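These are the residues of each chain, in order.
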Amino acid sequence: MLLPNILLTGTPGVGKTTLGKELAARSGMKYVNVGDLAREGQLYDGYDEEYDCPILDEDRVVDELENQMSEGGVIVDYHGCDFFPERWFHIVFVLKTDNSILYKRLETRGYNEKKLKDNIQCEIFQILYEEALASYSEDIVHQLPSDKPEDLENNINQILKWIEQWTKDHSS
Ligand code: DAT
């Protein structure tokens, strides 16, 4: 494997897509948005009436991604992380955003009251951070602030440095 695989996770709206796309553009790695992948391939298993959204078919998502993950160099973006094989990822970043900032971002998306409340609670209770710690080795799980444009720039630079070091360490 010439390049590592990176997981970007966190509550919807924390900035995974923004960071993932920019990182892919600057590193030459591939960017995979699991939500888009599922939509394109209709990788669903039923419909959640309460949340008014389709239910992800996690097994089919894993099957769909397996080949490219084994090649390396993939940045995966999803607001969940407990169903991916642990062996896929060399590092996991959980983005976090101040509640009031996140609230405004999700309001702009037109989320209804329940969806807004649930997502803000998800962020307050650090649900995705806990899920990441339960699913991956603690020493590869890192939280990154994602409140303002400087955070984005810092995160990109930090991750690019990490990729460079990983590549050096893994070249024979
Ligand atoms: P996600 O993919 O986690 O749902 P996103 O990348 O779509 O989130 O970002 C949600 C919104 O927040 C979008 O309008 C871009 C903005 N945003 C993302 N990261 C940011 C940052 N570091 N500073 C300011 N705004 C940011």
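Residues numbered from 1 in each chain as written. Predicted model: local features only at pLDDT ≥ 70, side-chain atom pairs only at ≥ 80, totals over all residues. Heavy atoms only, no water.

1. So, the overall build of the protein
For the protein, the helix and strand inventory stands at seven helices and seven strands. Written out in order from the N terminus, the α and β elements of the protein read β-α-β-α-β-β-α-β-β-α-α-α-β-α. Relative to the compact-globule value of 16 Å for 172 residues, the protein shows a C-alpha radius of gyration of 16 Å, a close match. C-alpha atoms of the protein, sized along the principal axes, occupy 55 × 35 × 30 Å. Taking all 172 residues of the protein together, the buried fraction comes to 44%. For the protein, long-range pairs separated by at least 24 residues make up 73% of all intrachain contacts whose partners lie at least 6 apart in sequence. (Helix = DSSP H or I, 4+ residues; strand = E, 2+ residues; numbered from the N terminus. Rg over C-alpha atoms; globule rule 2.2 N^0.38 Å. Buried < 20%, exposed > 50% of the residue type's maximum accessible area, 1.4 Å probe, protein only. Contact = heavy atoms within 4.5 Å.)

2. Overview of a nonpolar patch on the surface
On the surface, Ile-124, Phe-125 and Ile-127 cluster together to form a nonpolar patch covering roughly 300 Å² of accessible area. Within the secondary structure, Ile-124 sits in helix 5 (residues 113–124). Look at Ile-124 and you get partly exposed, because its relative accessible area is 46%. (Patch = residues over 30% accessible without salt bridge, like charges linked within 9 Å, V, L, I, M, F, W, Y side chains within 5 Å. Areas by Shrake-Rupley, 256 points an atom, 1.4 Å probe, with all protein chains shown as cover. Salt bridge = Lys/Arg side-chain N within 4 Å of Asp/Glu carboxyl O.)

3. Digging into the site of the ligand
The local shell around the ligand holds 14 residues, among which Gly-13, Lys-16, Thr-17, Thr-18 and Arg-109 are the closest. The backbone of Val-14 places a nitrogen or oxygen atom 3.3 Å from an oxygen atom of the ligand. Those elements giving two or more residues to the shell around the ligand turn out to be helix 1 (16–27) and helix 7 (149–169). Counting residues per element, the shell around the ligand draws most heavily on helix 1, which supplies three residues. (Near = heavy atom within 4 Å. Polar contact = N/O pair within 3.5 Å; in protein donor to acceptor, adjacent residues only side chain to side chain.)

4. Quick look at the nonpolar core
Grouped together as the largest cluster of nonpolar side chains are 28 residues, with contacts concentrated most on Phe-84, Phe-89, Val-92 and Tyr-136. Contributing elements (two or more residues each) for this core: helix 2 (34–41), helix 3 (58–71), strand 5 (74–77), strand 6 (91–96) and helix 6 (127–135). In contact with Tyr-136, other than residues within four places in its own chain, are Leu-7, Cys-81, Phe-84, Pro-85, Glu-86, Phe-89, Val-92 and Val-141. The next biggest cluster of nonpolar side chains, apart from the first, holds 20 residues, and it includes Met-29, Leu-106, Leu-144 and Ile-163. (Core = buried A, V, L, I, M, F, W, Y, C linked by side-chain atoms within 4.5 Å.)

5. Comments concerning the packing of aromatic side chains
A complete count under the given rule lists six aromatic pairs for this structure. A ring pair is formed by Trp-88 and Phe-89, whose centres lie 6.1 Å apart and whose planes are at 75 degrees; its orientation type is edge-to-face. Here Trp-88 and Phe-89 have matching classes, each one buried. Summarising the aromatic geometry, the rings of Phe-89 and Tyr-136 are spaced 6.0 Å apart at their centres and angled 75 degrees between planes, so their arrangement reads as edge-to-face. With Phe-89 in the loop between strand 5 and strand 6 and Tyr-136 in the loop between helix 6 and strand 7 (141–145), the pair connects residues that are 47 residues apart, well separated along the chain. (Phe/Tyr/Trp six-rings, centres within 6.5 Å; stacked < 30°, edge-to-face > 60°.)

6. Observations concerning helix 5
With 12 residues, helix 5 should cover 16 Å at 1.5 Å per step; its first-to-last C-alpha distance of 16 Å lies within 8% of that length. Three or more residues of helix 5 are buried, namely Leu-116, Asn-119, Ile-120, Cys-122 and Glu-123. Along the axis of helix 5, the buried residues cluster in a sector spanning 155 degrees; they form a single face. Exposed residues pointing more than 90 degrees away from the buried face of helix 5 are listed as Glu-113 and Lys-117. Contacts from the buried residues of helix 5 go to strand 6, helix 4 (99–108) and helix 6. Structurally, the start of helix 5 carries an N-cap: the backbone nitrogen of Lys-114 is 3.2 Å from a side-chain oxygen of Asn-112. (Expected span 1.5 Å × (residues − 1). Arc of directions from axis to C-beta.)

7. Side note on the confidence of the model for the protein
Averaged over every residue, the pLDDT of the protein is 97; the share at 70 or more is 100%. Taken element by element, the predicted model of the protein shows its lowest mean pLDDT in strand 4 (residues 53–56) (94) and its highest in strand 1 (residues 6–9) (99). Taken together, the chains of this predicted complex give a pTM of 0.97 and an interface ipTM of 0.99. (pLDDT = per-residue confidence, 0-100.)

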